[in-house]
Structure formats: structure tokens, C-alpha cells
Amino acid sequence: MNSINHIGIAGSGTMGRGIAQVFAQAGLAVTLYDVLPEALENARQQIEQALKSLAEKGKLSPEQTTEITGRIRYTLAPEELKCDVLIEAVAELLPVKQQLFAQFEQVLSNESIVVTNTSSLSVTALSAGLRHPHRFAGLHFFNPAPVMKLVEVVRGELTAPETVQKLVALVSRTGKHPVVVADSPGFIVNRVARPFYTEALKLAEEQVAGIETIDRLMRATGFRMGPFELMDLIGNDINYSVTQSVFQAFSGEPRFRPSRMQELKVKARHLGRKTGKGFYNYDK
Ligand SMILES: NC(=O)c1ccc[n+]([C@@H]2O[C@H](COP(=O)([O-])OP(=O)(O)OC[C@H]3O[C@@H](n4cnc5c(N)ncnc54)[C@H](O)[C@@H]3O)[C@@H](O)[C@H]2O)c1
């Protein structure tokens, strides 16, 4: 018997809705929570569209599609998130996440595991004020969650080994590859990936080449997406916050310095695909 059967997800944006789809496809019950009704409605539409497209490709039968859809509940009520594992996927801001965890400690049982999908904040810092920090960890999915196979299982200083083992087993049930990493800024993937974005932004700022050219060149060398296309997919707000966190955590290490060009994109709300405009324009 698996003791983990119900996944709660706070935040139904790019990552939350993708993670919801992953667990529903793996046969688990999912409750997806957000503070914005329109975000939940958008998540529902995007998940249904993604499942429809899998069915059209013959990867899911009509019965499977109906079952998966039926496993996901959408809610604006935090008290409905009584679950075995709560996954937090809200804005990449420490106070926002801390406030959310404090709120959910009132709702969750003493056995529940709580995880953050943070890309760059310290898992240990996020767990510090909690009543059960040994049942707190990072579970870092990549975008798009239903497609990307790797998941970083981040072990904070206070995380119990048993929590890590349960999360590794949980990720394996979805068919993805869990990799256990220590709590270090950017973990492995986002630290290694930082220069991919920051050097590309510097090239564009110095007008060495235009963004289309840089993207085309990177694709020609074998990357699936160029850096500007990928920043637009990730969301410039998220990508910029991650660079800021990593820059601060490494005491202002110059190679991680956030870019002015991307900061302006964030200020203009040109966040990428999710707002219809970023480095490129997207028809909604
Ligand atoms: N976008 C990526 O490529 C990516 C990849 C890996 C990890 N992450 C991480 O995942 C997290 C979420 O990123 P995203 O891109 O999905 O963000 P997003 O902006 O697409 O979605 C965030 C959602 O959280 C909701 N929200 C905000 N405050 C809330 C609260 N208090 N309670 C419930 N819902 C709330 C918002 O309404 C929104 O729907 C961040 O920590 C980010 O670093 C993002």
C-alpha cells in the first residue's frame, strides 16, 4: 500500500498545473489551489487541452483522459488541501512562500509532507519557522513539468532521511528521474544554467547580435530552445528572481549578475508567453 495517495498543489500557474497533470496521470488524486479564480480556470483549460492533445496523438485513450481529468479537483479554499503531500508552486518570493506554509500548517495533518518547487530559494530557510521542518524538502520540477524527466529532490539541513526516501519513491511513481541534491543556491541545474541566460542577455545588451540570431545559433548547436525563447517560456519574472537569488546567495559573484534588460521586461510586465509578450510576441 502506498501511503501517499493525495497531492495538494498551491499555485496553479505554469508549474502548478503541469505538476497536477503529472500526478493525475500517475493515478493520484490531486487538489489544485490558487487565490485567483481566473488562474484556476486557465489551469483547467490548459490541462484539458494538454490531455486532448495526448489523446489525439494516441498516447491516451478516451477513458484514460476522462479518468485523469476526474482525478483533479480545483479549489479556492485552502482548507480543502488536506493531503499527504503539499507542493508549493507560488511566486519565487521568500515572504510569500513562508506565509503560505504558516497558513497550511493549520490545515495539514501531522503526517503530511510539505515541499517547495522553488528554483533558487534556500529550502532550509523556508523550513526554519515550521513546526515539522524534518517533513519539509524541495521537489524541483522543470518546465514543462509533464515533459521534463528530471526532478531534483532537495534535502534541506533539517529534512529527515525518511522524507527524502518517500519523495524519491513518489517521483519514481510518475516515471520521472529523481536526483537527490543538497540545499545549495540554484541546486545543480539552475546554477549550471545561469550563464546560458546571463551571457545571452549580455550579448544582446552589448548589441553583439540580436535575440533571434542568438536563439538561432544556440539551437544550431543542439539546444532545443534558444535562451530568449526559454526565458519567455519560463517567465521573465521567475527567471529574473532566480538569477537575483543565486547572485545574492553567492555574495554578488559577477557571473551571476542579473541583467538590466530583463529587469525592464519584468517592470513592463513583458513576462513572456504567460502575458502574451516577452522578448517575443505571442498571439493569445
Ligand atoms: N516557470 C518555470 O519555468 C519554473 C521551473 C521550475 C520551478 N519554478 C518555480 O515554481 C514556482 C512557481 O512558478 P510558476 O512559473 O508556476 O509561477 P506562475 O507565475 O506561473 O504561477 C504562480 C501562481 O501562484 C498563484 N499564487 C500566488 N500567491 C499565491 C498564494 N498565496 N496561494 C495560492 N496561490 C498563489 C498565482 O495566482 C499564480 O497562479 C516558483 O517558485 C518558481 O521558481 C518555475
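Okay, so let's go over this structure.

Each value, and the rule that gives it
Residues numbered from 1 in each chain as written. Predicted model: local features only at pLDDT ≥ 70, side-chain atom pairs only at ≥ 80, totals over all residues. Heavy atoms only, no water. Helix = DSSP H or I, 4+ residues; strand = E, 2+ residues; numbered from the N terminus. Rg over C-alpha atoms; globule rule 2.2 N^0.38 Å. Contact = heavy atoms within 4.5 Å. Areas by Shrake-Rupley, 256 points an atom, 1.4 Å probe, with all protein chains shown as cover. Lys, Arg positive; Asp, Glu negative; His and termini not counted. Charge placed at Lys NZ, Arg CZ, Asp CG, Glu CD. Phe/Tyr/Trp six-rings, centres within 6.5 Å; stacked < 30°, edge-to-face > 60°. Buried < 20%, exposed > 50% of the residue type's maximum accessible area, 1.4 Å probe, protein only. Lys NZ or Arg CZ within 6 Å of the ring centre and 35° of its normal. Pairing = 2+ DSSP bridges. Axes fitted to C-alpha atoms, helices over the stretch in contact; angles between N-to-C directions.

### Focus: the overall build of the chain
From N to C terminus, the chain includes 11 helices and 8 strands. Against the 2.2 N^0.38 benchmark of 19 Å for 284 residues, the chain shows a C-alpha radius of gyration of 19 Å, consistent with a compact globule. Each principal axis of the C-alpha distribution contributes one length, and for the chain these read about 60 × 45 × 30 Å. The contacts in the chain between residues at least 6 apart in sequence include a share of 66% that link residues at least 24 apart. In the structure as shown, the chain presents an accessible area of about 13900 Å², 54% of it carried by carbon and sulfur atoms. Considering the chain, the positive charge centre built from 32 side chains and the negative charge centre built from 29 side chains are found 3 Å apart.

### Brief notes about the packing of aromatic side chains
Under the criterion given, the structure shown has 7 aromatic pairs. Centroid distance F196 to Y197: 5.7 Å. Interplanar angle 70 degrees. Geometry classified as edge-to-face. Comparing F196 with Y197 shows no difference in burial state: the two are buried. With 5.2 Å between their ring centres and 35 degrees between their planes, F250 and F256 make a pair best called tilted. Here a set of aromatic residues connected by ring pairs shows up, and it is made of F196, Y197 and F223. The lysine or arginine in question, R44, covers the ring of Y74, its NZ or CZ lying 4.5 Å from the ring centre.

### Structural notes on the pairing of strand β6 (residues 136-141)
With respect to burial, β6 is a largely interior element, 6 of its 6 residues being buried. Here β6 shows a buried face lined by F136, G138 and H140 and a second buried face lined by A137, L139 and F141. For strand β5 (residues 113-116) and β6, the ladder comprises 3 bridges, and the chain directions are parallel. In the sheet register, V115 faces β6, and the bridge partner there is A137. Two strands pair when backbone bridges link them, and β6 and strand β7 (residues 150-155) are joined in this way by 4 bridges, in the antiparallel orientation. Along β7, the bridge assignment pairs G138 with V154.

### Focus: the sheet that holds β6
Strand order in the open sheet formed by 8 strands is β3-β2-β1-β4-β5-β6-β7-β8, with mixed pairing between adjacent strands. Either end of the sheet is taken by a strand with one partner, and the two such strands are β3 (72-75) and β8 (177-182). Pairs of neighbouring strands in the sheet enclose a mean axial angle of 25 degrees, with direction left out of account.

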